[in-house]
Amino acid sequence: MAAESQSQKKSYCLVGDVYRGVMIVPKELDLSPTKDLMHHQINLQLKFPDVGRAFTNFTRTREVGEFLSGALAGAMTKAVLAPLETIRTRMVVGVGSKNIGTSFIQVIEHQGWKGLWAGNTINMLRIIPTQAIELATFECVKRAMNSAQEKWINTGNPKLQIGNASMSFSLSWLSPVAVAGAAAGVAGTLACHPLEVLKDRLTVNPEVYPSLRIAVHKICKEGGIGGLYAGLGPTIIGMLPYSTCYYFMYETIKKSYCQAQQKKSLSRAEMLLIGAFSGLTASTISYPLEVARKRLMVGALHGKCPPHMVAALSEVIRDEGLLGLYRGWGASCLKVMPSSGITWMFYEAWKDILLADRRHVLQ
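Residues numbered from 1 in each chain as written. Predicted model: local features only at pLDDT ≥ 70, side-chain atom pairs only at ≥ 80, totals over all residues. Heavy atoms only, no water.

- The chain goes by Probable mitochondrial adenine nucleotide transporter BTL1 in an unreviewed UniProt entry, where it is assigned to Nicotiana sylvestris.
- Per its UniProt entry, the chain bears the Sequence similarities (unreviewed entry) comment "Belongs to the mitochondrial carrier (TC 2.A.29) family."
- As its UniProt record puts it under Subcellular location (unreviewed entry), the chain is described as follows: "Membrane". (UniProt positions renumbered as here; feature names shortened; annotations may be inferred.)

**Describing the pattern of salt bridges**
Piece 1. Tallied over the full model, the rule gives eleven salt bridges.
Piece 2. A salt bridge links E348 to K254; its shortest N-O distance comes to 3.5 Å. With E348 in helix α11 (residues 329–354) and K254 in helix α8 (residues 232–261), the pair connects residues that are 94 residues apart, well separated along the chain.
Piece 3. With a shortest N-O distance of 2.7 Å, K263 and E270 are connected by a salt bridge.
Piece 4. Classification of E270 by relative accessible area gives buried; the value is 16%.
Piece 5. Taken together, the salt bridges that share partners define one network made up of E139, K142, E251, K254, E348 and K351. (Salt bridge = Lys/Arg side-chain N within 4 Å of Asp/Glu carboxyl O. Helix = DSSP H or I, 4+ residues; strand = E, 2+ residues; numbered from the N terminus. Buried < 20%, exposed > 50% of the residue type's maximum accessible area, 1.4 Å probe, protein only.)

**What about the environment of H308?**
Piece 1. Its location among the elements puts H308 in the loop between α9 (268–298) and α10 (309–320).
Piece 2. We classify H308 as partly exposed; its relative accessible area is 43%.
Piece 3. Between the C-alpha atom of H308 and that of G231, which follows or precedes it by 77 residues, the distance is 8.9 Å.

**Focus: helix α6 (residues 176–204)**
Piece 1. The largest bend in α6 is about 65 degrees, located at C192, with the proline P194 one to four residues further on.
Piece 2. Within α6, 22 of the 29 residues are buried, which leaves the element mostly enclosed by the surrounding structure. (Bend = angle between axes of the 7 residues up to and from the residue.)

**Some details on helix α7 (residues 212–223)**
Piece 1. Compared with an ideal rise of 1.5 Å per residue, which puts twelve residues at 16 Å, α7 spans 16 Å between its outermost C-alpha atoms and is within 8% of the ideal.
Piece 2. With its phi angle positive at about 70 degrees, G224 sits one or two positions after the end of α7. (Expected span 1.5 Å × (residues − 1).)

**Considerations on the UniProt feature "transmembrane region" (unreviewed entry) in the chain**
Piece 1. Taking the UniProt record as the reference, the feature "transmembrane region" (unreviewed entry) is found at residues 228–250 and 271–289.
Piece 2. Secondary structure content for residues 228–250 is 83% helix and 0% strand, while the C-alpha to C-alpha distance between its ends is 32 Å.
Piece 3. Helix makes up 100% of residues 271–289 and strand 0%, whereas the separation of the span's terminal C-alpha atoms amounts to 27 Å.

**Let's talk about the packing of aromatic side chains**
Piece 1. Overall, the coordinates contain eight aromatic pairs when judged by the stated rule.
Piece 2. Here F138 and Y247 contribute two aromatic rings whose centre-to-centre distance is 4.5 Å and whose plane-to-plane angle is 25 degrees, an arrangement assigned as stacked. Placement of F138 in helix α5 (residues 120–155) and of Y247 in helix α8 is noted, with a sequence separation of 109 residues between them.
Piece 3. Aromatic side chains W344 and Y347 sit 5.8 Å apart centroid to centroid with 75 degrees between the ring planes, which places their arrangement in the edge-to-face category. Residue W344 and its partner Y347 are both found in helix α11; the two are separated by three residues, about one turn of the helix.
Piece 4. Assessed through its relative accessible area of 1%, W344 is described here as buried.
Piece 5. Classification of Y347 by relative accessible area gives buried; the value is 1%. (Phe/Tyr/Trp six-rings, centres within 6.5 Å; stacked < 30°, edge-to-face > 60°.)

Below is the structure:
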């Protein structure tokens, strides 16, 4: 037993000055105090992930940069143009005067200056995710469609084989920009429609819905969760022509103008003007559907709600004639034109900032 104990003692040695303590190691490792350990200290460092750098790299990816650019552009635009949005909504649904100036005065007399920003909180909560989702979806779908069309050109169009019959689908006639615009409108509407409903209720009838919390409670109590999606079908129907035309016009005019002027990009002023013109054109084409959609959405407030969009359009024509389909169009243009122009200007500016490191890749 003594010999065995002596053998064990010879098999190990003590190494000191490792984190101010003592460590027992096998003697075969040849780590004795007489070696270089007396002159060199072992440093062990724990490396934690660089959260800041990871977040920066994440925000500078193309998709996230486009998403954040859309959110920031939407927020900055709505903060400036909230009063015009309030007047436009009142005129579309038939509340107050038909004259823009008189409508401004009525709001100020009854609710004060703050009345011009009635529903602006919910409007900001609505526009930030809506613009972010719309613009990010537009960019993503546009790239996917361009890539798919290039692939089909090189490898052939998709084919459907049914027995001995073969059908080839040529999708070259589809505009990637138009498809992306339609997809952007649908995605934004599906994600943020409840916020649109709340904003309209707060704007049109602030006496019944004085706060966001009360509005949510009353709508859910009267119609359940489905009440927050009232008028979703008409909204999508009205959104499709607007969104498709809006994005198609902007991208087409921008590309044509740059080619004509032999420029690689637009100036901020040019973005503002082209964006405003695109919004004006899209709004004019789809405005009757917007009138019908607003009628359906807030019809319950007046005790009469048409059963569907065609009925709403017929009701407007019967009560006000064909010109009724464009009631509030002037106020809408005053809101849509600066909104569209400013949104595109801010969006492109934020993309330049957030995606500066990827500019050569994006081009």
